[in-house]
Amino acid sequence: MTRMTLVGPSYRGKLVGALDTIVERTQDFTDSAYTSHEHRENILLLCDRTKLELNQLLRIGISMDQKESTSPNEELESSIVRTLRASKDVKQQLQDTALDQSSDLFKAEDMDLIGAIKNAALASDTARVEECAERFQEQVEHIQEVCKLLRHVASTDSLQVSAKHAETNIRIYGPQVLSAAQTLCLYPTSKIAKENLEVFIETWQALVSDVMSLSREVGELCRGHIPENQVYMSLPRPGKHGTTSKPLKPVSLDSEEQAKIAKLGLEMKLITSEMDAETEKWEESENDIVKRAKSMSAMAFSMYQFTRGEGALKTTQDLFTQAEFFAEEANKLYKVVRQFSYQVPGGQHKKELLDFLDKVPTFVQQLQFTVKNPTVGKAATFTKVDNVIQETKNLMNVISKVVTTCFVCATKYNLDFRGVSASNRRSPYRSDGELDGVASGVSETSSGIGSKGGGSSSDGNI
């Protein structure tokens, strides 16, 4: 603190500029329609007090410079303490405002609103949908405000990025829920319209849940508690990487890197939601296609959780191993669906199924080659993580289309694919060797995967 007497005019200008920036950002709090009058008044008063304290501190510093005094005195020390206390009070007030608004949102949230919209849409009650839509739009705006305030008070880059993405996704997908409901009103017998609404409702509920989790994490940090999952929001991650057992210090991703991974993770989550909605319509018993599709969906979801620093995958090595399992499961699903395709009569649906199915081996190989690509250093590791998630998303996307088309064919032609598997059905047109050779490139690169601790060619010192 004694160095305060030695700073020049440029640094004094920076202090004033920094405070002006903070005061400008508090306008998001004071201008919000959901901020209470008490909080708004406290923010304005505390900002004014901080300005006064800083101006007084700068005047003391200028006065000491004029007297060519470099030794601190009681007046200077007291002014510094008052300035720091005032700025801390502003910070605390902004945190209280954001967390109280978040708490008020989820206390007041109409939990039955989404259900009411869905029921009204199914009943083709346009008037009821429009009535609910007005309340729902208010809810969307309120959640966006909460995300914006949480981003301001979040103390880590990862939480700031998460809050920004949550705000963006709420703004994008909120109107999609209403649009899907209105479409179902117009076409109440449309299966596609109904499924579309269900997918968007599920996505919306997941986004609201994400905001609630974000609010809890920000609240814990504001209270000085570090959530356990925060350490996993960085790369490299502590724990065993490859063959090394040396604990590594986490190195935080910058905002751009975290944003890119979070975006890919969300896109993958949306694909898994769509496939989950499809597989839920079919009984899992003796249905190898459904079993493997659900297994892949669960793996993809765990990789999505990794992008948020949550779930069972704790290190980059865990992620890469999970990707290897994912590729192997896709290879098995490919063989099962290939067997099922022999039951489908020739025509457009079979052509569409085979077109999607023929893309699977290529995507599997791309994912496996990406996983086995060796890396050294944090930048290379981030690139590999980014590429692995991207390739997993691409493979998941084509698998989702394959599974959906399978179910379309089964329904249209009344086919029973219970018990279909790569091992118990054989094509009358292919020998066993020909069938096994369809994805030979995939099988060869997968042969080393046997357990979660299986080998990976990523650098052990990452």
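What counts as what
Residues numbered from 1 in each chain as written. Predicted model: local features only at pLDDT ≥ 70, side-chain atom pairs only at ≥ 80, totals over all residues. Heavy atoms only, no water. Helix = DSSP H or I, 4+ residues; strand = E, 2+ residues; numbered from the N terminus. Buried < 20%, exposed > 50% of the residue type's maximum accessible area, 1.4 Å probe, protein only. Areas by Shrake-Rupley, 256 points an atom, 1.4 Å probe, with all protein chains shown as cover. Disulfide = S-S within 2.5 Å. Axes fitted to C-alpha atoms, helices over the stretch in contact; angles between N-to-C directions. Parallel < 35°, antiparallel > 145°, perpendicular 65-115°, else oblique. Left-handed = near helix turned anticlockwise from the far one by under 90°. Contact = heavy atoms within 4.5 Å. Nonpolar A, V, L, I, M, F, W, Y, C, P; charged D, E, K, R; others polar. Phe/Tyr/Trp six-rings, centres within 6.5 Å; stacked < 30°, edge-to-face > 60°. Lys NZ or Arg CZ within 6 Å of the ring centre and 35° of its normal. Salt bridge = Lys/Arg side-chain N within 4 Å of Asp/Glu carboxyl O. Expected span 1.5 Å × (residues − 1). Core = buried A, V, L, I, M, F, W, Y, C linked by side-chain atoms within 4.5 Å.

> When you look at the overall build of the protein in this model, what are you seeing that I'm missing?
When helices and strands are tallied, the protein shows 16 helices and zero strands. With 462 residues in all, the protein has 47% of them scored as buried. Carbon and sulfur atoms make up 51% of the accessible area of the protein, which totals about 22,600 Å².

> I'm lost on the state of the cysteines in this one. Help?
Disulfide: a covalent bond formed between the sulfur atoms of two cysteine residues. If you walk through the whole model with that rule in mind, you get zero disulfides. Cys-406 forms no disulfide, and the closest cysteine sulfur to it belongs to Cys-409, at a distance of 6.7 Å.

> I keep staring at unusual backbone geometry and nothing clicks. Help me out?
Note on backbone geometry: most residues besides glycine have negative phi, and most peptide bonds are trans. Positive phi is not limited to glycine here, since Ser-124 has a value of about 60 degrees. Notably, Asn-414 is not glycine yet its phi reads approximately 55 degrees, a positive angle. In this fold, Asn-414 is placed in the loop between helix 14 (378–412) and helix 15 (432–437). Classification of Asn-414 as exposed rests on a relative accessible area of 71%.

> When you look at the packing of helix 11 (residues 316–341) against helix 13 (residues 360–371) in this model, what are you seeing that I'm missing?
Think of two packed helices as two axes; the pair is described by the angle between the axes and how far apart they sit. Remark: helix 11 packs on helix 13, axes separated minimally by 10 Å, with the N-to-C direction vectors making an angle of 160 degrees. Between helix 11 and helix 13, the angle falls in the class roughly antiparallel. In terms of crossing hand, the pair formed by helix 11 and helix 13 is left-handed. Of helix 13, the residues touching helix 11 (which contributes Phe-320, Ala-323, Glu-324, Phe-326, Ala-327, Ala-330, Asn-331 and Tyr-334) are Val-360, Pro-361, Val-364, Leu-367, Gln-368 and Val-371. A class-by-class count of the residues in the contact of helix 11 with helix 13 yields 11 nonpolar, two polar and one charged.

> What is the right way to look at the packing of aromatic side chains in this model?
When we look at a pair of aromatic rings, we describe it by the centre distance and by the angle of the planes. Under the defined criterion, the tally for this structure stands at two aromatic pairs. For the pair Phe-301 and Tyr-304, a centre-to-centre distance of 5.7 Å together with 40 degrees between the ring planes defines the contact as tilted. Placement of both Phe-301 and Tyr-304 in helix 10 (residues 288–307) is noted, with a separation of three residues, approximately one turn of the helix. When its relative accessible area of 34% is taken as the criterion, Phe-301 is described as partly exposed. Taking relative accessible area as the criterion, Tyr-304 reaches 5% and is therefore assigned buried. One Lys or Arg, Lys-384, reaches over the ring of Phe-320 and ends 4.3 Å from the middle of that ring.

> So what exactly am I meant to see when it comes to the pattern of salt bridges here?
A side chain with one charge may pair with a side chain of the opposite charge, provided their charged atoms come close. Inspection of the entire model under this criterion finds 10 salt bridges. Its salt-bridge partner being Asp-358, residue Arg-338 comes within 2.8 Å of it at the nearest N-O pair. Highlighted residues: Arg-338 in helix 11 and Asp-358 in the loop between helix 12 (348–357) and helix 13, separated in sequence by 20 residues. Arg-338 sits in the buried class, given a relative accessible area of 8%. Two residues, Lys-351 and Asp-355, come together in a salt bridge whose shortest N-O distance is 3.1 Å. Here Lys-351 pairs with Asp-355, and both are found in helix 12, just four residues apart, close to one helical turn. Among the ionic contacts, a cluster of salt bridges with common partners joins Asp-288, Arg-292 and Glu-329.

> Whenever I open this one, the packing of helix 11 against helix 12 confuses me. Can you help?
Relative to each other, helix 11 and helix 12 sit at 160 degrees, their axes nearing to 11 Å. It follows from the interaxial angle that helix 11 and helix 12 lie roughly antiparallel. Remark: the crossing between helix 11 and helix 12 carries left-handed chirality. Every residue of helix 12 that contacts helix 11 at Tyr-334, Val-337, Arg-338, Phe-340 and Ser-341 is listed here: Lys-350, Leu-353, Leu-354 and Leu-357. For the contact of helix 11 with helix 12, the residue count by class is six nonpolar, one polar and two charged.

> Looking at this structure, I do not really get helix 11. What am I missing?
Count 3.6 residues to each turn of an α-helix, and residues three or four apart come out pointing the same way. Across its 26 residues, helix 11 extends 37 Å between first and last C-alpha, which sits within 8% of the 38 Å expected from 1.5 Å per residue. In terms of burial, helix 11 is largely enclosed, as 24 of its 26 residues are buried.

> Help me understand the nonpolar core in this model?
Generally speaking, nonpolar side chains in soluble globular proteins are found buried as a group. Membership of the largest hydrophobic core comes to 61 residues, with the highest contact counts inside it found for Phe-136, Ile-143, Trp-204 and Val-218. Of all elements in the fold, only helix 1 (9–25), helix 3 (37–66), helix 4 (74–108), helix 5 (113–122), helix 6 (126–153), helix 7 (157–186), helix 8 (191–222) and helix 9 (255–279) reach the threshold of two or more residues within this core. Sequence-distant contacts of Val-218, that is, excluding residues within four places in its chain, are made with Leu-99, Leu-150, Val-153, Ala-154 and Leu-159.

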